[in-house]
Amino acid sequence: MDVATAIASERRELAAMLESLTPAQWDAPTLCVGWRVREVAAHMSFGFRFPLPRMVLELVKARGDINRMADRRARQDAAALSTAELVSAIRDNADHPWRPPVGGITAALGHDVIHGLDIAVALGLDRRVPEERVRLLLEQVTPRTLKFFGADLDGVELRADDLDWSFGAGTVLTGAAQDLLLVTYGRKLPPGRLHGTARDRYAAT
């Protein structure tokens, strides 16, 4: 798969999804705890809107804490930018070469896919990420990435019910591949999306 092409397609699809939302949906919570849709959209476009020197400055302001920087900028930008500006920032930068600090181009795809699902799943939208994108990201799941994203799979085996993929060992947790992908990124999902005796462990409260 041409990952750069997949990223561009993902961003255009997400821009179209965001453009269709109502004002109430823009202010609705997402799977990113503490962030509404508008904060997630602002975060997704941060790397396009800020040149590297400005990012370094923002990181210095946050005393080197990248999570603190991301949260502060997402909140400030969400308040300053209109929904139309946030949509344009994603659509107009579909081909932008931004990459996260680690993980390269595949991590950039993961960033877009996961945050898009943070919005879609929380809002109950029926968005299915193309299988080849989900497969590629599932292939990158390792104990190291689970630790990075704070995903606890101790004693649990993830098993997709819509494609041939599993990970881990223990009591079986099943669900759609894209939902299990969210679990590997440390997300809690709305009840009813996962199945198995461990499902409550990964359910949003």
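Provided above is the structure to which this section pertains.
Notes on the structure in this doc start here. (Residues numbered from 1 in each chain as written. Predicted model: local features only at pLDDT ≥ 70, side-chain atom pairs only at ≥ 80, totals over all residues. Heavy atoms only, no water.)

Turning next to a nonpolar patch on the surface. A cluster of nonpolar side chains, contributed by Val102, Phe148 and Phe149, occupies part of the molecular surface with about 320 Å² of accessible area. Mapped onto the fold, valine 102 is located in the loop between α6 (83-91) and α7 (104-123). For valine 102, a relative accessible area of 54% translates into the label exposed. (Patch = residues over 30% accessible without salt bridge, like charges linked within 9 Å, V, L, I, M, F, W, Y side chains within 5 Å. Areas by Shrake-Rupley, 256 points an atom, 1.4 Å probe, with all protein chains shown as cover. Salt bridge = Lys/Arg side-chain N within 4 Å of Asp/Glu carboxyl O. Helix = DSSP H or I, 4+ residues; strand = E, 2+ residues; numbered from the N terminus. Buried < 20%, exposed > 50% of the residue type's maximum accessible area, 1.4 Å probe, protein only.)

To continue, consider the pattern of salt bridges. Evaluation of the coordinates by the stated rule reveals 19 salt bridges. Across the pair glutamate 13 and arginine 127 runs a salt bridge whose closest N-O atoms are separated by 2.7 Å. In this pair, glutamate 13 sits in helix α1 (residues 3-19) while arginine 127 sits in the loop between α7 and α8 (131-138), placing the two residues 114 residues apart along the sequence. Across the pair aspartate 71 and arginine 75 runs a salt bridge whose closest N-O atoms are separated by 3.0 Å. Of this pair, aspartate 71 and arginine 75 both sit in helix α5 (residues 66-80), four residues apart, which is roughly one turn of that helix. One salt-bridge network, in which partners are shared between bridges, spans Glu10, Glu13, Arg127 and Arg133.

What follows covers the sheet that holds strand β2 (residues 166-168). With respect to topology, three strands assemble into an open sheet ordered β2-β1-β3, the strand pairing being mixed. If you trace the sheet from one side to the other, it starts and ends with β2 and β3 (171-175), each paired once. On average, each strand axis in the sheet is inclined to that of its neighbour by 20°, with strand direction left out of account. Direction of pairing for strand β1 (residues 156-160) relative to β3: parallel, over a ladder of five bridges. In the sheet register, glutamate 157 faces β3, and the bridge partner there is valine 172. The sheet contacts of helix α10 (residues 177-184) involve β1 and β3, and relative to β1 the element is tilted by about 150°. (Pairing = 2+ DSSP bridges. Axes fitted to C-alpha atoms, helices over the stretch in contact; angles between N-to-C directions. Contact = heavy atoms within 4.5 Å.)

As a further point, take the packing of aromatic side chains. Inspection of every chain in the model, using the stated rule, returns three aromatic pairs. Consider the rings of tryptophan 165 and phenylalanine 167, whose centres lie 6.3 Å apart with planes at 10°: the pair is stacked. There is no split in this pair, since tryptophan 165 and phenylalanine 167 are both buried. (Phe/Tyr/Trp six-rings, centres within 6.5 Å; stacked < 30°, edge-to-face > 60°.)

Next up on the list: the side chain of threonine 30. Mapping threonine 30 onto the fold places it in the loop between α2 (23-26) and α3 (37-49). Under the relative-accessibility criterion, threonine 30 is labelled buried at 11%. Polar side-chain contacts of threonine 30 include one of 3.1 Å to the backbone nitrogen of cysteine 32. Engagement of the side chain of threonine 30 in a polar contact is seen with the backbone oxygen of tryptophan 35, the distance being 3.0 Å. What threonine 30 contacts, discounting residues up to four positions off in sequence, is Trp35, Arg36, Val37, Val40, Asp118, Ile119 and Ala122. (Polar contact = N/O pair within 3.5 Å; in protein donor to acceptor, adjacent residues only side chain to side chain.)

Another aspect to go through is the environment of phenylalanine 167. Mapped onto the elements of the fold, phenylalanine 167 is located in strand β2. In this structure, the C-alpha to C-alpha distance between phenylalanine 167 and alanine 28, residues 139 residues apart in sequence, is 32 Å. Leaving out residues up to four positions away in the same chain, phenylalanine 167 has contacts with Val141, Thr142, Pro143, Leu146, Leu153, Val156, Glu157 and Leu158.

Moving on, we come to α3. Helix length check: α3 (13 residues) gives 18 Å between terminal C-alpha atoms against 18 Å at 1.5 Å per residue, within 8%. The sharpest bend along α3 comes to roughly 30°, located at histidine 43. Across the 13 residues that make up α3, a large majority, twelve, are buried. (Expected span 1.5 Å × (residues − 1). Bend = angle between axes of the 7 residues up to and from the residue.)

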